[in-house]
Amino acid sequence: MAEAVTQEAAIAALQEGLKWSTTINLEVFYWWCTALMFIIHAGFLAYEMGASRKKNVLASGIKNILAFAFMIPTFFFFGWWIYLASPAGFPDLSADTGGAPWSETMGPNLTDNATGIFWAAFALFAATTASIFSGAVIERIKLSGFVILAILLGSVVWILGASWAWHGEGWLLTKFGWHDFGAAGCVHMVAAFFALGVLINLGPRIGKFNADGSANEIVPHNVPMAVFGLMVLIVGFFGFLGGCIIYNGTSQWTSIFGNPVTLSAVAFNTLMCFSGGIIGGWITTRDPFWMMSGALAGIFAAASGLDVYWPPLAFLLGIGGGVIAPIAAKWLEKLGIDDAVGAVAVHGFAGTFGVVAFGLFASGYPNGDYPDTNLTGQVIGAATMLLLGFIPGYGASYVLKMFNLLRIPEKVEILGMDFVEVPIVAYPEGMDSNGKGVLAPAE
Amino acid sequence: MGSPIETWDGAAAYFTGAGGSSPGILLAISVIVCFAAIAYGALTEEKAYKDHL
């Protein structure tokens, strides 16, 4: 009898220990995913500052930093609530869906080890959408107008898209069998097409286009920094992709859509599509900027199926993304769109390709009670994400333009934003290079 | 404001002021400050432009 009681107590203690181990491991996993995702922003910072002309370098950096800073509190105020309240369509005001900023779980709470860590991971995804948008509009957007648009994108539009397209009960999954493991739709397509809507109203940089419509290349002032920034961004992506997987503790990982998945699968496919993207960009352009942008485009081209693809397929899709991105950028330029860093081409076009490619190559996967994965669902989802991004981006920037809150004055653009808006100088000792190199006598 | 708990045993929400009115007040202030900062930024931006035009 005493032995039975002891055994029972031991089993109960083990079960309690296993429960705590699972809880703490979940927190730790998403904590480090969030930390890694900060590296995405270090990458974007270097990338956008490098892509700017010297006279705008710090203004571009400030813009990027401020987008991040305003994203966090606004995501606390209303972004997380939108995600939890909207999987069926628009926010459900009739039920307590969680995520309201005054909720007892939206702060330190010993009965809840999960809300903060998931909020943080999604806040970093939100900041990523703002950073995607940020690069496209450098060198001529007003800082205040940009911040308003970034908040709209990061704390309202993309997170609404995530509720529809990256949620276990999102309507795109439940009605159409949509699948998008790596958020090519709700993060990359939404942010890119939002940027496109803004670019149409913002207009090109002075000097980008000639009277006959031909385009001039506005050269980045620091290509090595831009290229390095893109590689740093990729490092951060391991946090992003880690955040795409659900830790279940005592059973197999699952995707947000509920299918079983392994980190091993994601590891195979991420490395393969990243490599393919670089190769695709290199074949198409020989340009290191497009090689590294190709790495990103390659990831987005395979993102939807990183959990299920045969790795060589991910590699080939990656090459496709790396080829599509610079071609799409040239095409947009021919249409008179000045996207300073190719954000619409890389995130929007490669993301769309990726979402639709999943329907072509990965149809028929079971989705429990919901439709199996299929091409029609992917096309419907792609169209939804495109419109969800474009319409608010175009509409909000149109309103800002009406109130003169969108674009800096022409004289400021010519003088340089740093000179007018920033109290410090980026390169006080100069940073000129005549490209000739310096020879010193050998010793 | 301050601690909402007297013991850690059985504590749930333990953030400063939990269960009282201060979190709501601070939330409202932080919303106002956040959007006031954007407005302030817009004003200083316009002033910088005017100074150089």
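Sequence positions are assigned chain by chain, starting from 1 and proceeding in written order. Starting at A for chains and at 1 for ligands, labels are handed out in the order in which the entities are written. For a predicted model such as this one, the threshold for reporting local features is a pLDDT of at least 70, and the threshold for listing and counting side-chain atom pairs is 80 or more; totals across whole chains, interfaces and linings nevertheless cover every residue. Side-chain measures here rest on the full set of heavy atoms in the structure, leaving out hydrogens and waters.

Peer 1: So what exactly am I meant to see when it comes to the overall build of chain B here?
Peer 2: Helix and strand assignments come from DSSP, with helices taken as H or I runs of at least 4 residues and strands as E runs of at least 2, each series counted from the N terminus. Within chain B, the secondary structure is distributed over one helix and zero strands. Throughout, the radius of gyration refers to the C-alpha atoms, and the reference size of a globule is 2.2 Å times the residue count to the power 0.38. Its C-alpha radius of gyration of 20 Å places chain B more than 25% over the 10 Å reference for a compact globule of 53 residues. Principal-axis analysis of the C-alpha atoms gives chain B an extent of 65 × 15 × 15 Å. Classification of residues uses two cut-offs on accessible area relative to the type maximum, computed with a 1.4 Å probe and protein chains only: under 20% is buried, over 50% is exposed, and between them is partly exposed. Out of the 53 residues belonging to chain B, those deemed buried represent 26%. Only the protein chains shown count as covering a residue, and every accessible area follows the Shrake-Rupley method with a 1.4 Å probe. Counting every atom, chain B has about 3500 Å² of accessible surface; 67% of that belongs to carbon and sulfur.

Peer 1: Honestly, the packing of aromatic side chains in this entry has me stumped. Any pointers?
Peer 2: Each aromatic ring pair is summarised here by two numbers: the centre-to-centre distance and the angle between the ring planes. All names here are of chain A. Ring pairs are drawn from Phe, Tyr and Trp, using the six-membered ring of Trp, whenever the two centres fall within 6.5 Å, and their geometry is named by plane angle: stacked under 30 degrees, edge-to-face over 60, tilted for the rest. Evaluation of the coordinates by the stated rule reveals 33 aromatic pairs over all chains. Relative to F349, the ring of F193 has its centre 6.4 Å away and its plane inclined at 40 degrees; by these criteria the two rings are tilted. In this pair, F193 is assigned in helix α6 (residues 184-202) and F349 in helix α11 (residues 343-361), connecting sequence segments 156 residues apart. Residue classification places F193 among the buried residues on the basis of a relative accessible area of 6%. Among the aromatic side chains, those forming a connected cluster through ring pairs are F75, W80, Y83, F122, F125, W158, W166, F237, F240 and F300. Here K63 stacks its cationic end above the ring of F146, 4.7 Å away from the centre of that ring. In this scheme, the term charge over a ring applies when either NZ of a lysine or CZ of an arginine sits within 6 Å of the ring centre and within 35 degrees of the ring normal. Between the NZ or CZ atom of R286 and the centre of the ring of W282, over which it lies, the distance is 5.0 Å.

Peer 1: Where do I start with the interface of chain A and chain B in this structure?
Peer 2: One widely used convention gives an interface's size as the accessible area the parts lose upon coming together. Across the boundary between the two partners, chain A contributes 30 residues, which contact 20 residues of chain B. Here chain A packs against chain B, burying approximately 2000 Å² in sum over the two surfaces, 76% of which is carbon and sulfur. Once two parts are put together, the accessible area they lose, assessed with a 1.4 Å probe and summed over both, is termed the buried area. Interface area lost by chain A to chain B is led by F77, P108 and L110 of chain A, which between them contribute 28%. Here E46 of chain B makes a salt bridge to K142 of chain A, at a shortest N to O gap of 2.6 Å. Note on contacts: a residue pair is in contact if any heavy atoms of the two residues lie within 4.5 Å. Whenever a carboxyl oxygen of Asp or Glu lies within 4 Å of a side-chain nitrogen of Lys or Arg, that contact is scored as a salt bridge.

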